[in-house]
Each structure stands twice: as C-alpha cells, then as structure tokens.
Amino acid sequence: MTWIGDNLGLIWEQLREHLYLAIVPVILGLIISVPLGYVATRYSWLANPLIAFGGVLYSLPSIALFIVIPAVLGTKVLSTVNIIVALTIYTVSLLIRNVIDGLRSVPPDVRQSAIAVGYGALHRVVAVDLPIAVPVIFTGLRVVTVANISMVSVGAVIGIGGLGELFTLGFQKDFLTPVVVGVVLSLALALVADLILVTLQRILTPWARVATPVGEVA
Amino acid sequence: MWEYLTDSFNWSGNEGIWARIVEHLWYTFAALGLSVVIALPIGLRIGHTRRGAFLAINLGNAARALPSLGLLMIAVLLTDQIGFLPVLIALVALGIPPILASTYAGLSGVDAATIDAARGMGMTGREILTKVEIPIGLPLIISGIRSATLQIVSTATIAALVSLGGLGRYVVDGLKLRDFPQMFTGALLVALLAIALDALFALIGRIAVSPGLKIS
C-alpha cells in the first residue's frame, strides 16, 4: 500500500497516457468509419468486401501490428504514433460493420419522407440517417472502446503502454502491487468509458426512451 | 526481413522458426482445449436451463476489458514461477469468457417453439440439448471458440516475456537486441498463424453446421 502512496505521480501519468492512447484511436476511427460506411451503403458492392477485410484486420494480433506499423510508416519503434495507428485500424475494422448495418437499418420510407420534405443529401445523412443508426453504431463503439483500453497495455511489451508499464514494472521487481493497481485501473477506465458511451447514446436518442407508448405493454 | 526469413538456417533446429511455430501452436491448443473443456459444459448448462444467464452475458462483456498482459503478470507472481503454468492460466482465463458467452447465446437463440416441438415429439431434456439446441446453436458456439482462439494465439506471443518459447521469442529478443528484422519476422508469423487458424475455424464451421440451417 505504501507503494501506491509513493508512486501516485507515476500512476497518474500512466493513467493519462493510457486514456490518451485508447481514446484518440476511437475518435479517429469514428471519423474514418462513418464516411467510409456511408460510401459503402451508396455503392453497395463495396460493403461486403469492406466488412470481410475488416474482419481479417481485426484478427491480427495487436503486438504484431504495434511492430509492423513502424516498418510501414517509417516511425520509430518507440513512438506512440504506432499504438494510435494500430488501434485506429482495429477501431475502423470493427466499426465499419456497425456503421454499414446501422445505415442499412434506416427504413426506406423514412429516407423517402426526408427527401420529400426537402432534405438535401448531406443534411439527410446528418439529420436523419445517422441518428437512426446511432444505436447500432454505439454497440460497436462500446465494444471497440473497451477492447482498445485493454489492448493499450500490450504496448508495454515494446515500451509504451500506459498502465501496461505498471505490469512490466511489477514483473521485473517481482512485486504484485503495481500489477494489481494497473489491472484495476484499466478495468475501471473501461467501465467508466462504457458508462459514458451509454449515457451519450441515451442523450443522442431521446426517442428511444419513449418508444413504448403509455398504456401499451412492451 | 527477407534475409531473415529466407535464410534456411533460421528455419531449422531447436530454436528455428518451425520449432517456434510448433511451440506457439502447443500453447495455443493446450489453452484452447482447457478453455473449451471448462467453458463449454457451463455454457451449455446455462443455455439449456436458462439459469445463470446474467453471469454468462456479463462475464463475456467484462472479460473484454481485462488486460491480458496484466493477467499474465499476476499469474506469474501468484504461482511464484516462470514458465508454462502461469501462461496457461492467463490464456485459459482469456479463452473461457468468449466461449461461455457465445455458447449461451447460441442456445438461448433457439426458437422456443422449436424446443416445444421437440418436447412434444417426446424428446428428453438430454435429447433436446444434443439433437436440437447444440446443432442449432453451433454456428455461434464455433464463432465463440474462434474468437477465443484468436485471443489466445495473439496473447501466446507474450509468453516469451516470461521466458517461454513460441513466436513471441522473436519479438522479445529482437526488441532487446534492437534487431528489427527479427521482431518483424515474429510479428508477421503470429499474424499469419492467426489468419490461418481463423480460416481453419471458418472451414470447421462450414463443415460442421447442419445444411438445414444454411438455407435461410
């Protein structure tokens, strides 16, 4: 326990790095997958190959990606960019399926009504299609956020891993406390991130809460 | 990297690439086998009786958040030894949740009317399980084993950190020596192994799943 007190600074720093390394890829991945998914629903022959390719990418071991990326990008092996690029690849490869499924879940008559009342293409996507796709997209977003948070620590093997560095530290010193602190904080981070996403989804889809009219049995 | 991969000296012998692949597969299948032996019966029981569903669902979700590296380190420090046992413990802990969760999901997805019909035909509980629920739930059960395999095969790389062999050796040793081609080789081989195993399970799924389920 004294170790925790003595190393609060270190723990805090690793926690911040961990959060940064896990969340930036989620945001980047979302920014990439939404337009990509939209294009795939417009040109539907693209959708299945994209989803399949995403499946293959997602099956690549994270440690492999962390190492292969610097060779491809020419970045240094110990650069945080590698982790961020690798996790962004995971995010896109998983999220693309949800974005496509989500956009496909928009009922055709809703889409046609939007066009009929004068929505332009871009306006319709932003104001009608995407909000309807939110629940499906968020399902993927939650999975990938939690997975990213746990995957960041693998980076510790190559020297950058947020809380994962507490694992290697504890292992080298034959000392359990830092490892347990790292695992607990990593789990807590995942839990908090998940709760935030659930809350965000509720805010973004106010109609979902009143989906069951009063007096009707769900 | 090509120089490393095409040098036949690197392929043969006790510490050659083939030996490392065999070691890696051994860790993977030992852990996978044990995970299936533990998780499958529990998942089937929960799916069949519908009791304990809460556990199956939440365990599956919570496990995604578990950092594999930390799990391995805890296993090493708690068993107070370096070697196969802590690695096996950590890998099995990763393998159980996806198998358990998807076995439950596969069984609980079986239409209640189908089970009713089976019971109406006079099937016993055991017959319903083996002749109706398992065959119908099989695609999901296999996909659970498939994701457990992927988790395990990539995490087995970390075994090298605690002095075991496997393809992770190239990554860990290469990092220490700043030998980039060696690290790259290891990473690439793990990725290829993962893709090969994934394809294997896709094939198993295609062969094992009843043709009657593929029509729709």
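All values reported here derive from a predicted model rather than from experimental measurement. (Residues numbered from 1 in each chain as written. Chains lettered and ligands numbered in written order. Predicted model: local features only at pLDDT ≥ 70, side-chain atom pairs only at ≥ 80, totals over all residues.)

Undergrad: Sorry if this is basic, but what is going on with the overall build of chain B here?
TA: Of regular secondary structure, chain B possesses nine helices and zero strands. Seen through its C-alpha atoms, chain B measures out along the principal axes to roughly 65 × 40 × 25 Å. Taking all 216 residues of chain B together, 47% fall into the buried category. Pairs at least 24 apart in sequence give 71% of the contacts found in chain B among residues at least 6 apart. (Helix = DSSP H or I, 4+ residues; strand = E, 2+ residues; numbered from the N terminus. Buried ≥ 20, exposed ≤ 12 C-beta atoms within 10 Å, placed from the backbone. Contact = placed C-beta atoms within 7 Å.)

Undergrad: Quick question: what am I supposed to make of the UniProt feature "domain: ABC transmembrane type-1" (unreviewed entry) in chain B here?
TA: Per the UniProt record, "domain: ABC transmembrane type-1" (unreviewed entry) is annotated on residues 21-201 of chain B. Here residues 21-201 of chain B runs as 83% helix and 0% strand, with 18 Å between its end C-alpha atoms. (UniProt positions renumbered as here; feature names shortened; annotations may be inferred.)

Undergrad: Is there a simple way to think about helix 2 (residues 8-42) of chain A in this case?
TA: Residue and element names in this part refer to chain A. Taking 1.5 Å of rise per residue, the 35 residues of helix 2 would be expected to cover 51 Å, and the 51 Å separating its terminal C-alpha atoms lies within 8% of that figure. Along helix 2, the positions that sit buried rather than exposed are Gln14, Glu17, His18, Leu21, Ala22, Pro25, Val26, Gly29, Ser33, Val34, Gly37 and Ala40. Looking at the buried positions of helix 2, the neighbouring elements they touch are helix 3 (47-59), helix 5 (80-104), helix 7 (121-152), helix 8 (164-172) and helix 9 (176-204). (Expected span 1.5 Å × (residues − 1).)

Undergrad: Whenever I open this one, the UniProt feature "transmembrane region" (unreviewed entry) in chain B confuses me. Can you help?
TA: All names here are of chain B. Annotation from UniProt places "transmembrane region" (unreviewed entry) at residues 25-44, 56-78, 84-107, 152-172 and 184-209. For residues 84-107, helix accounts for 100% and strand for 0%, while the C-alpha atoms at its two ends are 34 Å apart. For residues 152-172, the end-to-end C-alpha separation is 18 Å, with 43% helix and 0% strand making up the annotated structure.

Undergrad: Which parts of the structure should I look at to understand the UniProt feature "domain: ABC transmembrane type-1" (unreviewed entry) in chain A?
TA: With numbering aligned to this structure, UniProt lists the feature "domain: ABC transmembrane type-1" (unreviewed entry) at residues 15-197 of chain A. Here residues 15-197 of chain A runs as 82% helix and 0% strand, with 19 Å between its end C-alpha atoms.

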